[in-house]
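Chain residues, written in single-letter form:
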Amino acid sequence: MDIPTDRSEYLPGFPFKATRAILVVLGLCLLVYSVPVTGTFDQVDPVTRSTSVPLEYTTTGGETEYGTFDIQITTPTTGVATNGSVRIRMQTGWGNPYANTESPPRAPLEVAVIAAPTSWRPERAAREGTVLFANTSTYEQGEYATFERVLHLPASIAPKGVGPTEATLYYYAASNAGTNRFEILRTYTVYRPFWERPRAWGLLAAIVLLGATLPTFNQSVRNRLAEPVQRYADRQWRQDLLSKAQRLDDKFDTETTASAGSPVEQAIQAAPRENLQDWSQRLEQFAVLDQTLSRLPFEELPVARTKVRSLAAQTWSDNDPATASDLNDVLTGIDIGFEVRIRGQSYDGAKLLDQTLADFPSSEDDQLEQAAAEINRFEDARATVEQWSQPSSSPADSAKSKLAVRVDSQVVEPTAIWERLDTILTEGTLDQFCEQAKAVEDFAAKTEPLRSNSGSSHPLSAGQAQDTTIEDACNAVREGDLDAIEKAMVKAEAWVAEQEVAQMFATTDLSHSSIDPTDVQNRVDQARATNDYTRIKSIRDEVMAQLDSTWQPSDLLSLTPTQFEEVLGQLYQKNGYDVQVTQQSGDRGIDAIARNGRRTIAIQAKRYDPNGAGNVSGPEVRNAIGATVQEGADVCVVATSSGFTQDARRAAMETKGVEVQLLSGRDVIEKLSKSQIPNPT
């Protein structure tokens, strides 16, 4: 039965974080798109533009005369309007009134007002600008006309950002004399309503997106936003749990009321939201019990179906998941059976549980809990015993069990353990069986180094022990005597430790070491006499640690020149000096300077192979002495891995004012060993 176990199963798999990131990026892009706008400026004073245009006319006598049109255009203070419109006043006319009113001269005039973005050049404005006002009239001499118009700026020069933009008005005038004027009238600040500005909508969208998403980075805000969704999910979860409970009511034949339902349903209905997961786990436990009851072949089991189902129904009615778990464990154990197989032989383990199952099924909680615990103990013990009684994974040892161990060339079986198990499974008790399973587990853990498939190279497995120790170990394994086995393993390890100490003494030059072989052997003999085999291994470890700091002549040759300088520096540091290793270039022949507040020592290191470059010569010693004097040091030390020529020793003896110390390879080895300077190689 599918029981929902978590609220998350009801929450939509919505990629919240990814969507939030996308919305934030989109909001920022809209903000960047919307913010850049054209700067504004104010013009509130009236502006008047006056101009004149030449004209020609014909007199009554048929002669051609010339005059001038006067044009005056005024934009009042109301010329800046928030709806993108401006108001202008234009006055046009020419000359004085004609004295003869019968046939006054006449002349045509064309005027226009054109709008264009301020960024356009006048030539483009004249060619592509928008005509806001145009008039062509014929004027008599002395006639004047006045026009007042409200001009609406075209959408083509409307603001493209949040704020205003600029537009320029031009006036155009042309007469019959072939002369025209195209000049700037005024530059205006243009505003448009909010709904006519695309970038303003972009800014609004950016504010909405960022205002909705940025607060969700706060955990408390997210919790408040998630609360309605979680309440909805919990309602669905509770409904599904009630449906599962109704199905289990039918399975366990529980009596219910049409209005309130079973006690379990009532409890689920009244449970707080935070307890729904606990109820989910409870229903899951009862669902597992129901599956076990449906699967069991009761006709083949020593329990009655009616009594078991009655106990299960009572457990369901009492809403007791712990008892349901115990009942399920008991039934599962009965269903699996209690057969125990050890090394190909089958035993009936049910005899060990006769007393436990005598009163089953019982409605007493403590008896059922005890029965489940006993069956679980039996199953754990059976698993341990059967695991280690299986054949060895090694093809050569397949006739032996996994519990068998290797001693020298033999694979020894702990026969006494198997014999005790045979007796217990025949006539013993459950407690004895569990104790023996624990003994098998302990034996397997402590003898793991001797097992052939452990990859161990224990001395006892490799036969690196005295014959008596090997024989004692074989007998201890057969008897399953862990104390005796552990003692044999320690004796074998101690015997190997003795051999290693003897080998180290035979192959190591101890002339520069403080180790006394006779003293070491006496300590080993004393530990063996008192059966303190662990002490023998400790003595071996002490000797190895001392030998690690004991230098051999060949050790110096394994060092690089730089390493040779470093170990010399460590030698003087160990003796209380502050050592400074000089640079490789420009050191004037000195490799290190050692100071202790009272004296200064200049150290020259010569790492030579005795079979190669040979000994340090006299000129080299003299150069080192000269470098020491230049350094202002008190002592000149020339240390080498080989030796010194007679001339070198003579140069050291003849030097005055500076103490000269020549350290041959043997001198260096002795000092390094005495100070226990580790070998870097």
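Being a predicted model, the structure only gives us computed values, none of them experimental.

Engineer: Go over the overall build of the chain with me, naming the residues and quoting the values.
Structural biologist: The number of helices and strands found in the chain is 22 helices and 17 strands. Taken over 681 residues, the chain has a buried fraction of 42%. In the chain, the proportion of contacts linking residues at least 24 apart, taken out of those at least 6 apart, comes to 67%. With an accessible surface of roughly 36,000 Å², the chain has 48% of that area assigned to carbon and sulfur atoms.

Engineer: Residue-level account of the pattern of salt bridges, with values.
Structural biologist: Taken as a whole, this structure holds 22 salt bridges when the rule is applied. Of the charged contacts in the structure, one is a salt bridge between arginine 121 and glutamate 123, with a shortest N-O distance of 3.9 Å. Take glutamate 123: its relative accessible area is 48%, and that puts it in the partly exposed class. As a salt-bridge pair, glutamate 493 and lysine 537 come within 2.6 Å of each other at their nearest N and O atoms. Note that glutamate 493 is positioned in helix α15 (residues 482-507) and lysine 537 in helix α17 (residues 533-548), a separation of 44 residues in sequence. For lysine 537, a relative accessible area of 21% translates into the label partly exposed. Bridged by salt links that share partners, the residues Glu227, Arg231, Asp234 and Arg273 form one connected network.

Engineer: Quick rundown of the nonpolar core? Include the residues and the values.
Structural biologist: By size, the foremost hydrophobic cluster in this structure holds 73 residues, and its most contacted members are Val407, Phe433 and Leu460. If you tally residues by element for this core, the top one is helix α10 (residues 365-389), at 8 residues. With sequence-adjacent residues up to four places away left out, phenylalanine 433 is seen in contact with Val340, Leu352, Phe378, Ala381, Arg382, Val385, Leu421, Ile424 and Leu425. Counting residues in each nonpolar core, the second largest holds 28 residues, with Val86, Ala145, Leu153 and Ala167 among its members.

Engineer: A description of the sheet that holds strand β13 (residues 578-581) should follow, citing residues and the corresponding values.
Structural biologist: Backbone-to-backbone hydrogen bonds pair the strands of a sheet. The strands run either parallel or antiparallel. Reading across from one edge, β13-β14-β15-β16-β17 is the order of the 5 strands in this open sheet, with mixed pairing throughout. Of all the strands in the sheet, just β13 and β17 (659-663) have a single pairing partner and so form its edges. Neighbour-to-neighbour, the strand axes of this sheet turn through a mean angle of 20°, independent of strand direction. Judged from the 4 bridges that link them, strand β14 (residues 592-595) and strand β15 (residues 600-606) form a sheet pairing that is antiparallel. Note that in β15 the partner of alanine 594 across the bridge is isoleucine 601.

Engineer: How would you explain the packing of helix α6 (residues 276-295) against helix α8 (residues 321-336) if you had to name every residue and give the values?
Structural biologist: Two elements in contact, α6 and α8, have axes separated by 9 Å at closest approach and are oriented at 30°. By the angle between their axes, α6 is roughly parallel relative to α8. The way α6 lies across α8 gives a crossing that is left-handed. In this structure, α6 contributes Arg282, Gln285, Phe286, Val288, Leu289, Thr292, Leu293 and Arg295 to the contact, and α8 contributes Pro321, Ala324, Ser325, Leu327, Asn328, Leu331, Thr332 and Asp335. When grouped by side-chain class, the residues that make up the contact of α6 with α8 number 8 nonpolar, 5 polar and 3 charged.

Engineer: Got a sec to walk through the environment of arginine 106? Specific residues and values, please.
Structural biologist: Tracing the backbone through its elements, the reader meets arginine 106 in strand β4 (residues 106-117). Note on arginine 106: relative accessible area 47%, which makes it partly exposed. In the structure, arginine 106 is positioned 50 residues away from glutamate 56 in sequence and 9.0 Å away in space, judged by C-alpha atoms. If sequence neighbours within four positions are ignored, arginine 106 has contacts with Tyr57, Trp94, Thr138, Tyr139 and Glu140. Engagement of the side chain of arginine 106 in a polar contact is seen with the side chain of glutamate 140, the distance being 2.8 Å.

Engineer: Summarise a negative patch on the surface; cite the residues concerned and give the values.
Structural biologist: Taken together, Glu419, Glu479, Asp481, Asp483 and Glu486 make up a surface patch of like negative charges. Note that aspartate 483 resides in helix α15.

Engineer: Give a detailed account of the pairing of strand β9 (residues 339-342), specifying residues and quantitative values.
Structural biologist: Where burial is concerned, the two faces of β9 differ: the one with Val340 and Ile342 is buried and the one with Glu339 and Arg341 is not. Note that β9 and strand β10 (residues 345-348) share 4 bridges and pair antiparallel. Pairing of isoleucine 342 across the sheet is with glutamine 345, part of β10. In textbook terms, the turn of a hairpin is the stretch between consecutive antiparallel strands, and for β9 and β10 this stretch comprises 2 residues, one of which, arginine 343, has a positive phi near 50°.

Engineer: Before we move on, can you summarise the side chain of threonine 168 with the specific residues and values?
Structural biologist: Summarising the element assignment, threonine 168 is placed in strand β7 (residues 165-175). Each residue touching threonine 168, except ones within four places of it in the same chain, is listed here: Ile114, Ala115, Ala116, Thr118, Ile184, Arg186 and Thr187.

Engineer: Any chance you could break down the packing of aromatic side chains for me, citing the residues and the numbers?
Structural biologist: Scanning the entire structure with this criterion turns up 10 aromatic pairs. With a centroid separation of 5.8 Å and 55° between ring planes, the pair formed by phenylalanine 133 and phenylalanine 147 is classed as tilted. With phenylalanine 133 in strand β5 (residues 130-140) and phenylalanine 147 in strand β6 (residues 144-152), this residue pair connects regions lying 14 residues apart in the sequence. The pair phenylalanine 133 / phenylalanine 147 is uniform in exposure class, with both members buried. Plain terms: the ring middles of tyrosine 170 and phenylalanine 182 are 5.0 Å apart, the flat faces sit at 10° to each other, and that makes the pair stacked. In this pair, tyrosine 170 is assigned in strand β7 and phenylalanine 182 in strand β8 (residues 180-190), connecting sequence segments 12 residues apart. Residue classification places phenylalanine 182 among the partly exposed positions, given a relative accessible area of 24%.

Engineer: Run through the environment of asparagine 575, naming residues and quoting values.
Structural biologist: If you trace the backbone, asparagine 575 turns up in the loop between α19 (561-574) and β13. Look at asparagine 575 and you get partly exposed, because its relative accessible area is 49%. On a C-alpha basis, the gap between asparagine 575 and serine 675 in space is 8.1 Å, while along the polypeptide they are 100 residues apart.

Engineer: Account for the confidence of the model for the chain, naming residues and giving values.
Structural biologist: Averaged over all residues, the pLDDT of the chain equals 81, while 85% of them reach at least 70. The low-confidence segment residues 36-43 (pLDDT under 50) makes 15 contacts with residues lying over four places distant or belonging to another chain. Note on residues 78-82: pLDDT under 50 across the span, and 11 contacts to partners over four residues away in sequence or across chains.

Engineer: How would you summarise helix α16 (residues 517-529) if you had to cite specific residues and measurements?
Structural biologist: Across its 13 residues, α16 extends 18 Å between first and last C-alpha, which sits within 8% of the 18 Å expected from 1.5 Å per residue. Those residues of α16 lying buried are Val520, Val524 and Ala527. Axial view of α16: buried residues confined to an arc of 65°, hence all on one face. Seen from the buried face of α16, the exposed residues on the opposite side, beyond 90 degrees, are Thr518, Gln526 and Ala529. A positive backbone phi angle near 60° is found at asparagine 531, which sits one or two residues after α16.

Engineer: Quick one: what's the story with unusual backbone geometry, residue by residue and with numbers?
Structural biologist: Positive phi, close to 50°, is recorded for arginine 343, a residue that is not glycine. Along the chain, arginine 343 turns up in the loop between β9 and β10. Of note in this structure, aspartate 408 is not a glycine but carries a positive phi near 60°. Along the chain, aspartate 408 falls in the loop between β11 (405-407) and β12 (410-412).

Reading the values: the criteria
Residues numbered from 1 in each chain as written. Predicted model: local features only at pLDDT ≥ 70, side-chain atom pairs only at ≥ 80, totals over all residues. Heavy atoms only, no water. Helix = DSSP H or I, 4+ residues; strand = E, 2+ residues; numbered from the N terminus. Buried < 20%, exposed > 50% of the residue type's maximum accessible area, 1.4 Å probe, protein only. Contact = heavy atoms within 4.5 Å. Areas by Shrake-Rupley, 256 points an atom, 1.4 Å probe, with all protein chains shown as cover. Salt bridge = Lys/Arg side-chain N within 4 Å of Asp/Glu carboxyl O. Core = buried A, V, L, I, M, F, W, Y, C linked by side-chain atoms within 4.5 Å. Pairing = 2+ DSSP bridges. Axes fitted to C-alpha atoms, helices over the stretch in contact; angles between N-to-C directions. Parallel < 35°, antiparallel > 145°, perpendicular 65-115°, else oblique. Left-handed = near helix turned anticlockwise from the far one by under 90°. Nonpolar A, V, L, I, M, F, W, Y, C, P; charged D, E, K, R; others polar. Polar contact = N/O pair within 3.5 Å; in protein donor to acceptor, adjacent residues only side chain to side chain. Patch = residues over 30% accessible without salt bridge, like charges linked within 9 Å, V, L, I, M, F, W, Y side chains within 5 Å. Lys, Arg positive; Asp, Glu negative; His and termini not counted. Charge placed at Lys NZ, Arg CZ, Asp CG, Glu CD. Phe/Tyr/Trp six-rings, centres within 6.5 Å; stacked < 30°, edge-to-face > 60°. pLDDT = per-residue confidence, 0-100. Expected span 1.5 Å × (residues − 1). Arc of directions from axis to C-beta.

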